[in-house]
Amino acid sequence: MNKLGAAGVALMAALAAGNLVAAEAAGTVKTVRGAVTVERGSQKVAAVPGMRVEAADRIATGPDGSVGITLRDQTMLTAGPNSLLGLDKYSFDSTTHGGELDANLKRGSLAVISGKLAKASPESVRFRTDSVTLGVRGTEFILEAAGGQ
Amino acid sequence: MTPVVIVAAGMLAIILNHHPDPPQPDRVVLLPDAKGGAGSVVVRAAGGERVLSEAFAAADVSPDGRITERRETAESVKARYGALLDAQPPRPVAWTVYFQTGTDRLTAESRTVFATIKEELAKRPAPEIGVVGHTDRVGRLEDNDALSKRRAEAVKNQLVEAGIDASRIDTAGRGEREPLVPTADEVAEARNRRAEISVR
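(A) Representation of the overall build of chain A within the structure. Looking only at helices and strands, chain A has two helices and 12 strands in total. Counted from the first residue to the last, chain A has its helices and strands arranged as α-β-β-β-β-β-β-β-β-β-α-β-β-β. Looking at chain A residue by residue over its 149 residues, the buried ones come to 45%. Pairs at least 24 apart in sequence give 51% of the contacts found in chain A among residues at least 6 apart.

And the structure:
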């Protein structure tokens, strides 16, 4: 590969990482403090307000970091410092309010205000750590995972 | 020499065994909701299942799945989680608008909320608008799904005319599933022919 080709590949990779084009957004990053990254597949980018979040994304915060995300069904997820959150599954049908939310907190803290999905389909909303699974009936709560400490 | 090393190693092992890092539990805390009540969460682990249903009810879950119930207070939550709660996005706010009889045009009164919505958008980080159309229970479910979606689209068009960026607005039709005023099927009810505009 010549130099120009290598530069082109690097540029395309940078563009792809910068955009993280979402197939169907699960939600939107609203607040960011400190170091926060969103990982999608092998890509990893710094989170900024307005960034779309998709199912299967992993959100990581640094020692000074926090991030607030509002999902399409108005579920609000806020991760505190040193957190690793996987949005393992997310779907929401805005007509029927059916769908699924499966979030996995590997470490750190997570404040949740549940949304339309938990109200209409509480059995399909789950929050997990390595040792506990929460089922949710329309509510607000905090989940803290000791993992990695 | 060798027996001394073995004894020393043995003592070290005893000291380490007597002072292990206590395994940290995972924690769950139920908070009061915006209306002052609390919903509930079901806590499931290897050691069983508990339901938390009062504000500040809490549970510790050990790595091997034992659940211990606790109580938090407003003060203890603020001390441990104040920064986390401060980082939460602003809560969504919503307005209900109504349609002129037999049209997808909003009533004049309903159009006055547009200025309020624009003010709300200016206050929020990365704001988005969701417009959800509703119908009364006259007609078939499928037809009402389509009608409610058309109503939501009509409201979106009017928001765009009022100067709001179309890319921030999504629309949905809930049909007759979520009446404001519950009625029997096939009952005409103006208050159910509406749209909800929420800013999140």
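After that view, the rundown keeps rolling.
(B) Representation of the overall build of chain B in the model. Secondary structure assignment for chain B yields five helices and nine strands. Moving toward the C terminus, one meets the helices and strands of chain B in the order α-β-β-β-β-β-α-β-α-α-β-α-β-β. Among the 200 residues that make up chain B, the fraction classed as buried is 31%. The long-range share in chain B, meaning contacts at least 24 apart out of those at least 6 apart in sequence, stands at 58%.

(C) Highlighting unusual backbone geometry. A positive phi angle is found at Ala56 of chain A, which is not glycine, with a value near 80°. Along the chain, the position of Ala56 of chain A falls in the loop between strand E4 (52-53) and strand E5 (58-61). Unusually for a residue other than glycine, Glu186 of chain B sits at a positive phi of about 70°. As for its placement among the helices and strands, Glu186 of chain B is situated in the loop between strand E8 (169-173) and strand E9 (194-199).

(D) Region of the structure containing the confidence of the model for chain A. Averaged over all residues, the pLDDT of chain A equals 87, while 83% of them reach at least 70. In this model, residues 7-22 of chain A is a region of pLDDT below 50 whose contacts with residues beyond four sequence positions or in other chains number 10 contacts.

(E) A look at helix H2 (residues 74-86) of chain B. For H2 of chain B, with 13 residues, the first-to-last C-alpha span of 14 Å runs short of the 18 Å given by 1.5 Å per residue. Of all bends in H2 of chain B, the biggest is about 70°, found at Arg80 of chain B.

(F) Spotlight on the pairing of strand E3 (residues 48-52) of chain B. All names here are of chain B. Alignment of strand E2 (residues 40-45) against E3, held across five bridges, turns out to be antiparallel. Looking at the pairing, Val42 lines up with Val51 of E3. Remark: two residues form the turn of the hairpin made by E2 and E3, two consecutive strands paired antiparallel.

(G) Fine view of the interface of chain A and chain B. Facing the 36 residues of chain A at the interface are 37 residues of chain B. Residue assignment for the side of chain A that touches chain B shows that the elements contributing at least two residues are strand E1 (27-33), strand E6 (66-71), strand E7 (76-79), strand E9 (99-113), strand E11 (133-137) and strand E12 (140-145) of chain A. Ranked by residue count, the leading element in the side of chain A that touches chain B is E12 of chain A, at six residues. By residue class, the composition of the side of chain A that touches chain B is 12 nonpolar, 19 polar and five charged. Relative to E2 of chain B, E11 of chain A is paired through five bridges, and the arrangement is antiparallel. Pairing of Thr133 of chain A across the sheet is with Arg44 of chain B, part of E2 of chain B.

(H) Molecular detail of the sheet that holds strand E6 (residues 93-98) of chain B. Residues and elements named next belong to chain B. Taken in spatial order, the four strands line up as E6-E9-E7-E8 in an open sheet, and their pairing is mixed. In this open sheet, the two edge strands, each paired with only one partner strand, are E6 and E8. Each strand of the sheet is rotated relative to its neighbour by a mean of 20°, with strand direction disregarded. Bridge count between strand E7 (residues 129-133) and E9: five bridges; the pairing is antiparallel. Looking at E9, one finds that Gly133 is bridged to Ala195. In this fold helix H5 (residues 141-161) packs onto E6, E7, E8 and E9, with an angle of close to 160° to the strand it touches most, E8.

(I) Local environment of the nonpolar core. Counting 57 residues, the largest nonpolar core has Leu110, Phe141 and Leu143 of chain A together with Val28, Leu30 and Val43 of chain B as its most contacted members. Of all the elements, E9 of chain A adds the most residues to this core, at seven residues. Once residues lying within four places of it in the same chain are set aside, the contact partners of Phe141 of chain A are Val112 of chain A together with Val28, Val29, Leu30, Leu31 and Val41 of chain B.

(J) Quick look at the environment of Asp88 of chain A. All names here are of chain A. Examined against the element boundaries, Asp88 turns out to sit in strand E8 (residues 84-92). Residue classification places Asp88 among the partly exposed positions, given that 16 C-beta atoms sit within 10 Å. Once residues within four sequence positions are removed from consideration, Asp88 is found in contact with Ala56, Asp102, Ala103 and Asn104.

(K) Highlighting the environment of Ala57 of chain B. Residues and elements named next belong to chain B. Assignment of secondary structure puts Ala57 in strand E4 (residues 57-61). Given 22 C-beta atoms within a 10 Å radius, Ala57 is considered buried. Ala57 sits 19 residues away from Ala38 along the chain, and the two C-alpha atoms are 9.8 Å apart. Not counting residues up to four positions away in its chain, the partners in contact with Ala57 are Leu30, Leu52 and Arg71.

(L) Broad picture of the environment of Leu84 of chain A. Residues and elements named next belong to chain A. Within the element layout of this structure, Leu84 appears in strand E8. C-alpha separation for the pair Leu84 and Glu144, spaced 60 residues apart in sequence, amounts to 11 Å. Leu84 has contacts with Arg58, Ala60, Lys106, Arg107 and Gly108, leaving out every residue within four places of it along the chain.

Rules of the game
- Residues numbered from 1 in each chain as written.
- Chains lettered and ligands numbered in written order.
- Predicted model: local features only at pLDDT ≥ 70, side-chain atom pairs only at ≥ 80, totals over all residues.
- Helix = DSSP H or I, 4+ residues; strand = E, 2+ residues; numbered from the N terminus.
- Buried ≥ 20, exposed ≤ 12 C-beta atoms within 10 Å, placed from the backbone.
- Contact = placed C-beta atoms within 7 Å.
- pLDDT = per-residue confidence, 0-100.
- Expected span 1.5 Å × (residues − 1).
- Bend = angle between axes of the 7 residues up to and from the residue.
- Pairing = 2+ DSSP bridges.
- Nonpolar A, V, L, I, M, F, W, Y, C, P; charged D, E, K, R; others polar.
- Axes fitted to C-alpha atoms, helices over the stretch in contact; angles between N-to-C directions.
- Core = buried A, V, L, I, M, F, W, Y, C linked by C-beta atoms within 7 Å.

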